[in-house]
Structures are given as structure tokens and as C-alpha cells.
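Residues per chain are reported as follows:
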Amino acid sequence: MRAVVRTAAAAATALALLLTGCGGGGDGRTDGRITIRFQSLAWQKESVDANKQLVKEWNASHPDVRVQYVQGSWDNVHDQLLTSFEGGEAPDVIHDASDDLADFAYGGYLADLRTLLPDRLTADIPQRSWRTSTFDGGVYGVPFLQEPRVLIANTKILGASGVRIPTPARPWSWTEFRQITKKLTGKGRYGVAWPLREPVSVTLNLGLSAGGELFHRGADGKVTLAMDEGDLVVPGTIHDQVDIDHSAARTALGMGGGDTLPGFFGGKYAMVPLGFSYRQQVVEQAPKGFEWTVLPAPAGSAGLAQGVSPQTLSVAEDSAHKKEAVEFIDFLLRPANMVRLAKGDWMLPTGRAALADPSLHTADRGWATGAALAGALRSAPAQSVRGYPEWKDKVATPAFQEYYSGAIDAAELRKRLVQDGNRVLARYQR
């Protein structure tokens, strides 16, 4: 869904926002009207258009509360927001993702929304989604868009192979998935390509299906790492596909999701596990006549469970107009509007009413498959773990990369993730 790349450009971005009038400070009043700033991270044209149109509709119907659209970027959002928070120039309404909120929530930069949210919105979004933006009992963001990881597959290759086609009601098991990728592998073709340039969230989120937890919170509230058999199902499957079966392309391990698409279109890979929103790139980039389908990711002992980090809308603690900011969020996330935002980003809405929209349950472009998986989505395993970013960057990423490439075995992987990881987490929990 996003890649947070922390760069020095954050300071320049914050300064640019200030100089162009996007950073305001004060009480946000202009010509007697309240002005609230909404920083959106929409980047696909359909999504940007949907967000800007909704802002326009709000402004037309709320003459006393004007919303100013501010374009942000997923590439540097964390550092850009940190700079704006510390400089007192944060937007009133902040678009981000739930796995980026913990530091801001614990740091006092985001408003606790529990007393501000309308009952309609609170009831419409399931508790499993609210948990993704809940930290130490407070709610610091409204989760509104989410995406499962799915298998995007070449229909002709699947049909010619004669393999059983999985459905959300009867998915492949991880064992069956490994067997099928072997069957789909042939001369010049791999059964699957795993784009694992960023391997940690993919592995942990899919690991929930096999009962993997990895992070365990004790009665004292402290989190420790422990790696059980369920935690090894997904990484073990990927490792064996790459290093034993040779049914997964080794060269794809260093790729991002979009990097695999040319090979997928060219018949080099029969399937690619990707986020649900990648369907847009497939539609836009696939050669004429290319046939593809969306399949559910494999299931384990916990069924189709997956971890997700939904996109969120938060309010800055320093905002002088929290009430108006939440009213705007409520407007953005009315069921019909949430559907518009979901379609613009090719993702799924979290709201029950929006998710029930018939247009999200059509077979066309895999919408029905994605909608059928929504009930299995859970808070990502490390969602509220302090110290997770350091563990991910310094411990887990290199460990998974070496394991998938065959440089280390499962025992060494476990040692690094758990022993080295617990030392990292302990520093944040003293």
C-alpha cells in the first residue's frame, strides 16, 4: 500500500508547505471563516480526483468551515509530519497509515478521538479495524481503507495446468500452494514470484493465517518475541519454493511489487502475491488480450486471516478546530463517499455499509474476491509494538533476506529474530 522512505527531503517539504501557505498556525480563521488543512497522501489520479472532489463538495455545503487540500507523499510522510509537529505547523486532518501512528500517538502529537467521533462512524467500522489505530487505550486515527494480499494469476497458465482453482470459501492450504507452484513451473517459467524487497510486513501479515504471532504481550503489558511452529509456515514455504523446489524466482526477492509485472505479463511467472490495489497497475499495464484473475492467498490453521495496516485519518493534537476536523472526516467517510475513496485507490473500505455496496462485489477485476476476504483482516502483528521500526530495519529485514536467499537456516533465523529482537524491544520498554 505504501513505502515509508525517510529522507532529508522532509524538512524541505515542511518548509515548502509553510511558504505556500499550507502551514498556517494560529486559529485557522480566514475572513471570518474557519479553515482546516487536510493533508492527503492520495497519489493515483483516480484517488486524487476523488479526494479533491469531496473537498470541493464539503466547501460548497459548509461556507463557514473551509477545507484546504494539501498534497503529501507516502515517500517521506513520517519525517515530514514529525517536522511539522515539532514546528507547530501540522495539518489539522492527517492522512497516514495505522502502522505509522504509534510514535505520534505516544508522543502526544495526535488527538485522542474517542470523545469526538460520532456514534455512526464508531458503529460502522468494526472493532477489528479500530484496534489498528488504538494505542494505550486511546484512538488516534480512523481506519478507512484496507487491502488484503492476494494472488494475481495468469488465467491461461492456470487453465492449461489443470490445477484446482481456489476460492475464498475453499482456498489453497500453504502445503497445497507449494505443490501447485511446483506444478506450474516449467521451462522458462516459475510458479510464483515473491517480491520481497521489504520482506517483514509481508511475512508477518500472511503468517497470521498459520497461527503465527511472533509478538506476545504479557500481563505486565510488555512485548516479547517468541517463534513457534506457526510462525515458520509462511517463511518456510517461501524458502522452500526458492531454494529447494526452484518454483519461485530468486531474482524477484529483491523486487518491489510493480517490478514483477513485466515478467508476469511475459509469462515468466504464473502468479504474483501482491496487495489488492496492484490490480490497477495490472489493468493499466497488461498487454492487450492478457487474461488474469484474483485468487485468495493461501490459508492455514487460522483460515484466511491476514494482518493489515489500514490507511487512517487523524487529527493533530495542536489543531484549534478538532470538532470541525472530525466533522469533515465524518463527511469524507459517509458510506457513499467511502466507496468513492475505495474505488479511487482500488482498495476495500473498512465501513460495513460501504463494503456492502454491490459495486464492490462484482467478479470484474477481482472485487468480489477482495470483498470476501475483508472479514478475515486483522490488525498487523506489530501494530502497537514500540521499537518495531528498529527491529524491522536492523534485525528482521536482513535476517529474512538471508533466509530466503538460502544464506542462513531456520534455526539461525529464529535466533536472530527472537534473541536479537528481544534486546531491541527491551530498550523501549524499560
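This text follows the structure it describes.
All values derive from a computational prediction rather than experimental measurement.

### Notes on the overall build of the chain
Then step 1. Assigned secondary structure in the chain consists of 18 helices and 16 strands.
Then step 2. Its C-alpha atoms give the chain a radius of gyration of 22 Å, near enough to 22 Å, the size a compact globule of 430 residues would have.
Then step 3. Summarising its shape, the C-alpha atoms of the chain cover approximately 70 × 55 × 40 Å along the three principal directions.
Then step 4. Across the 430 residues in the chain, those meeting the buried criterion constitute 54%.
Then step 5. Within the chain, contacts between residues separated by at least 24 positions form 74% of all contacts whose residues are at least 6 apart in sequence.
Then step 6. Element-wise, carbon and sulfur atoms account for 50% of the exposed surface of the chain, whose accessible area totals about 17700 Å².
Then step 7. Between the mean site of the 46 positive side-chain charges and the mean site of the 47 negative ones, the chain shows a separation of 5 Å.

### Observations regarding the nonpolar core
Then step 1. Within the largest apolar cluster, 48 residues are counted, with the highest numbers of intra-cluster contacts made by Trp194, Phe215, Met271, Trp391 and Leu413.
Then step 2. Those elements that provide at least two residues to this core are strand E8 (149-154), helix H7 (155-161), helix H8 (174-184), helix H9 (199-207), strand E10 (223-225), helix H10 (229-245), helix H17 (388-405) and helix H18 (410-428).
Then step 3. Looking at which element gives the most residues to this core, the answer is H17, with 8 residues.
Then step 4. Excluding its chain neighbours within four sequence positions, the residues that come into contact with methionine 271 are Leu151, Ile152, Ala153, Trp172, Phe177, Thr181, Leu184, Gly191, Val192, Ala193, Phe264 and Leu295.

### So, the packing of aromatic side chains
Then step 1. Counting across every chain of the model gives 22 aromatic pairs.
Then step 2. Aromatic side chains phenylalanine 135 and tyrosine 140 sit 6.5 Å apart centroid to centroid with 40° between the ring planes, which places their arrangement in the tilted category. As far as the burial class goes, phenylalanine 135 and tyrosine 140 line up, both buried.
Then step 3. Aromatic pair phenylalanine 265 and phenylalanine 290: ring centres 5.3 Å apart, planes at 80°, arrangement edge-to-face. One end of the pair, phenylalanine 265, is in helix H11 (residues 261-265); the other, phenylalanine 290, is in the loop between helix H12 (279-285) and strand E12 (292-296), and 25 residues separate them in sequence.

### Section: the pairing of strand E3 (residues 65-71)
Then step 1. As judged from the 7 bridges shared by strand E2 (residues 33-40) and E3, these two strands associate in the parallel manner. Within E3, the residue paired with serine 40 across the bridge is glutamine 71.
Then step 2. Crossover E2 to E3 through helix H2 (residues 45-61) is right-handed.

### What about the side chain of aspartate 92?
Then step 1. Checked against the element boundaries, aspartate 92 lands in the loop between helix H3 (77-86) and strand E4 (93-97).
Then step 2. The exposure class assigned to aspartate 92 is buried, which follows from its relative accessible area of 7%.
Then step 3. Within the structure, the side chain of aspartate 92 is placed 2.8 Å from the backbone nitrogen of arginine 37, a separation counted as a polar contact.
Then step 4. A polar atom in the side chain of aspartate 92 sits 2.7 Å from the side chain of serine 319.
Then step 5. Setting aside chain neighbours within four positions, we find aspartate 92 in contact with Thr35, Ile36, Arg37, Ser314, Val315, Ala316, Ser319 and Ala320.

### Notes on the sheet that holds E12
Then step 1. Strand order in this open sheet of 3 strands is E11-E8-E12, and the pairing throughout is antiparallel. Only two strands of the sheet have a single partner each, and these edge strands are strand E11 (271-275) and E12. Across this sheet, the average inter-strand angle for adjacent strands is 35°, counted without regard to direction.
Then step 2. Pairing analysis gives 5 bridges linking E8 to E12, with the strands arranged antiparallel. Residue isoleucine 152 lies in a different strand from E12, and its bridge partner there is valine 294.

### Regarding the environment of alanine 305
Then step 1. If you trace the backbone, alanine 305 turns up in the loop between E12 and strand E13 (306-308).
Then step 2. Residue alanine 305 is classed as buried on the basis of its relative accessible area, which comes to 11%.
Then step 3. Spatially, the C-alpha atoms of alanine 305 and glycine 207 are 8.4 Å apart, while their sequence positions differ by 98 residues.
Then step 4. Those residues in contact with alanine 305 that lie beyond four places of it in its chain are Asn205, Leu206, Leu208, Ser209 and Ala376.

About the cut-offs
Residues numbered from 1 in each chain as written. Predicted model: local features only at pLDDT ≥ 70, side-chain atom pairs only at ≥ 80, totals over all residues. Heavy atoms only, no water. Helix = DSSP H or I, 4+ residues; strand = E, 2+ residues; numbered from the N terminus. Rg over C-alpha atoms; globule rule 2.2 N^0.38 Å. Buried < 20%, exposed > 50% of the residue type's maximum accessible area, 1.4 Å probe, protein only. Contact = heavy atoms within 4.5 Å. Areas by Shrake-Rupley, 256 points an atom, 1.4 Å probe, with all protein chains shown as cover. Lys, Arg positive; Asp, Glu negative; His and termini not counted. Charge placed at Lys NZ, Arg CZ, Asp CG, Glu CD. Core = buried A, V, L, I, M, F, W, Y, C linked by side-chain atoms within 4.5 Å. Phe/Tyr/Trp six-rings, centres within 6.5 Å; stacked < 30°, edge-to-face > 60°. Pairing = 2+ DSSP bridges. Right-handed = clockwise from strand over helix to strand, strands pointing away. Polar contact = N/O pair within 3.5 Å; in protein donor to acceptor, adjacent residues only side chain to side chain. Axes fitted to C-alpha atoms, helices over the stretch in contact; angles between N-to-C directions.

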